[in-house]
Amino acid sequence: MKIVSKQSGFTIVEEIVSLAIISIVVVGFLPIILGSLKNIYVNGNRTKNVSSAENMIGNAVKGNSTTGIVQTNQTISITLKNSLGTTILPSGSIQGKNITFNKSADNQTTLATFVPD
Amino acid sequence: MKKDKSFHKKGFTLLELIVAIPIMLIVISLVFSILIFGNKNFKRTNIQMNNQQVVRLVGDYIKKDIRSAKIISYDQTIVRGQNTNSNYYALIYTGNHLVKQVRKNSDGTLVSQTTIGDILTDLSFLTDMNKGMLKYNVTNNANGQNYSVTYEVILDNIITVVLPSANTPTIYYANN
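Note that this is a predicted model, so its numbers are computed, not measured.

Enquirer: How would you sum up the overall build of chain B? Please name residues and give values.
Expert: Of regular secondary structure, chain B possesses 3 helices and 8 strands. Overall, chain B shows an N-to-C arrangement of helices and strands of α-α-β-α-β-β-β-β-β-β-β. Relative to a compact globule of 176 residues, whose C-alpha radius of gyration would be 16 Å, chain B shows 31 Å and is clearly more extended. Projecting the C-alpha coordinates of chain B onto the three principal axes gives extents of approximately 115 × 35 × 25 Å. Residues classed as buried in chain B amount to 26% of the 176 residues present.

Enquirer: If you had to explain the nonpolar core to someone new, which residues and values would you point to?
Expert: Val58(B), Ala69(B), Ile72(B), Leu134(B) and Tyr173(B) are the most contacted members of the largest nonpolar core, which totals 31 residues. Where this core is concerned, the elements lending two or more residues are α2 (14-66), β1 (71-73), β2 (87-94), β5 (122-126), β6 (133-140), β7 (147-154) and β8 (170-174) of chain B. The dominant element in this core, judged by the number of residues it contributes, is α2(B), at 5 residues. Counting 6 residues, the second largest nonpolar core, distinct from the first, contains Ala53(A), Met56(A), Ile99(A) and Phe101(A).

Enquirer: Outline helix α2 (residues 12-61) of chain A, supporting the account with residue identities and numerical values.
Expert: The first and last C-alpha atoms of α2(A) sit 73 Å apart over 50 residues, in line with the 74 Å expected at 1.5 Å per residue. Considering bend angle alone, the principal kink of α2(A) is centred on Gly35(A) and spans about 30 degrees. Within α2(A) the residues assigned to the buried category are Gly44(A), Ser51(A), Ala53(A), Asn55(A), Met56(A), Ile57(A), Gly58(A), Asn59(A) and Ala60(A). Buried residues along α2(A) sit against β1 (69-81), β2 (87-103) and β3 (109-116) of chain A together with α2, β6 and β7 of chain B. Residue Gly63(A) follows α2(A) closely and has a positive phi angle near 75 degrees.

Enquirer: I'd love a proper account of the packing of α2(A) against α2(B), names of residues and values included.
Expert: Packing of α2(A) against α2(B) brings their axes to within 10 Å, and their N-to-C directions diverge by 10 degrees. It follows that α2(A) is roughly parallel to α2(B) by the angle criterion. Taken together, the residues that form the contact of α2(A) with α2(B) break down as 16 nonpolar, 9 polar and 3 charged.

Enquirer: Could you give me a rundown of α2(B), with the residues and numbers involved?
Expert: For α2(B), spanning 53 residues, the distance from its first C-alpha to its last is 78 Å, which sits close to the expected 78 Å at 1.5 Å a residue. Every buried residue of α2(B) is accounted for by Gln48(B), Asn51(B), Gln52(B), Val54(B), Val55(B), Val58(B), Gly59(B), Ile62(B) and Ile66(B).

Enquirer: Before we move on, can you summarise the interface of chain B and chain A with the specific residues and values?
Expert: On the chain A side, the residues contacting the 26 residues of chain B number 24 residues. Counting only elements with at least two residues in the side of chain B that touches chain A, the list comes to α1 (2-8), α2 and β7 of chain B. Looking at the side of chain B that touches chain A element by element, the count peaks at 15 residues for α2(B). By residue class, the composition of the side of chain B that touches chain A is 14 nonpolar, 8 polar and 4 charged.

Enquirer: Hey, could you go over the sheet that holds β8(B) for me, with residue numbers and the actual values?
Expert: Residues and elements named next belong to chain B. Reading across from one edge, β1-β8-β2-β3-β4 is the order of the 5 strands in this open sheet, with antiparallel pairing throughout. In this open sheet, the two edge strands, each paired with only one partner strand, are β1 and β4 (110-116). Strand-to-strand twist across the sheet, computed as the mean angle between neighbouring axes with direction ignored, equals 20 degrees. In terms of strand pairing, strand β3 (residues 97-104) meets β4 through 6 bridges, oriented antiparallel. Directly across from Val 102, in β4, lies its bridge partner Ser 112. This element, α2, spans β1, β2, β3, β4 and β8 of the sheet and lies at about 145 degrees to β4.

Rules and cut-offs
Numbers given for residues are sequential positions, taken from 1 along each chain in its written order. Think of it this way: whatever chain is written first is A, whatever ligand is written first is 1, and the rest follow in order. Residue-level local features of this predicted model are given only where pLDDT is at least 70; pairs of side-chain atoms are given and counted only at 80 or more, and the full residue set underlies all totals for whole chains, interfaces and linings. Secondary structure elements are defined from DSSP: runs of H or I of at least 4 residues count as helices, runs of E of at least 2 residues count as strands, and each element is numbered from the N terminus. Taken over C-alpha atoms, the radius of gyration is set against a globule rule of 2.2 Å times the number of residues to the power 0.38. Partly exposed residues are those whose C-beta has more than 12 but fewer than 20 other C-beta atoms within 10 Å; 20 or more makes a residue buried and 12 or fewer makes it exposed, with C-beta atoms placed from the backbone. What makes a nonpolar core is a set of buried Ala, Val, Leu, Ile, Met, Phe, Trp, Tyr and Cys residues, with links drawn between C-beta atoms within 7 Å. A helix is expected to span 1.5 Å multiplied by its residue count minus one. Bend, in this description, refers to the angle at a residue between axes fitted to the seven residues ending there and the seven starting there. Residue pairs are scored as contacts if the distance between their C-beta atoms, which are placed from the backbone, is within 7 Å. In this analysis an axis means a line fitted to C-alpha atoms, helices contributing only their contacting stretch, and an angle means the value between N-to-C directions, from 0 to 180 degrees. Oblique is the label for every angle not falling under 35 degrees (roughly parallel), over 145 degrees (roughly antiparallel), or within 65 to 115 degrees (roughly perpendicular). Gly is placed with the polar residues, together with every amino acid not listed as nonpolar (Ala, Val, Leu, Ile, Met, Phe, Trp, Tyr, Cys and Pro) or charged (Asp, Glu, Lys and Arg). Pairing between strands requires that DSSP locate at least two bridges from one strand to the other.

Following this line, the structure appears as structure tokens:
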């Protein structure tokens, strides 16, 4: 009996504790496995959102439908100068519209463009 | 004497085995379930990624290709009538692939054709009441997962698009 008790090994309590630690570590890695799939879906939705934003902006540019679009009048003034700072072209202005699409959800998409009149 | 000797032999007791085997089984089943779960997820990720990639490729190709067209129609005689170039083009969804054809304007004979992208589930040009836009839908439902995007292209050189009342898999256009 004495020889048996001298054998080195793990006690049952040590085993259970180590198992618990291992399972916690393994469960900690699960989000990494799941994350790639989730990211693929998120990116797929992002592509769809960008595409629908382009569709709406396109329709607004062509003057078809402006639902979900914010349009603001804007004037851009331009002065052309050379590297010495001398004015080559006197300041002129371009009048146009800022067309903005903004979707604020968990997949935020913003698209804006300037269309001269 | 015989009984004493057996105590000195190395080995496991029945009790040790009864405790050790379930613990081992728990560890093995944990590892395997994680492995199988990871593998399944990897496959699903790959399928979805491939679906999206195919849809994006074809969708972007059509967008880039057709944007500067000057005549677009479902009817090739209309395109041939208005075209002043020697060739006109066709985008055809056939055999689960998008095919681009170059055809001679004089008699409509096929000059060359290229297959674009991978296998798709559906591609159709949609009727669109909007002026100067071409609407089309690209869908891929491979391996039990689906991905579908509806595109609308601004046509830079066209005010009206002539499309049939039903959706069509074929469209003819010319850049002149």
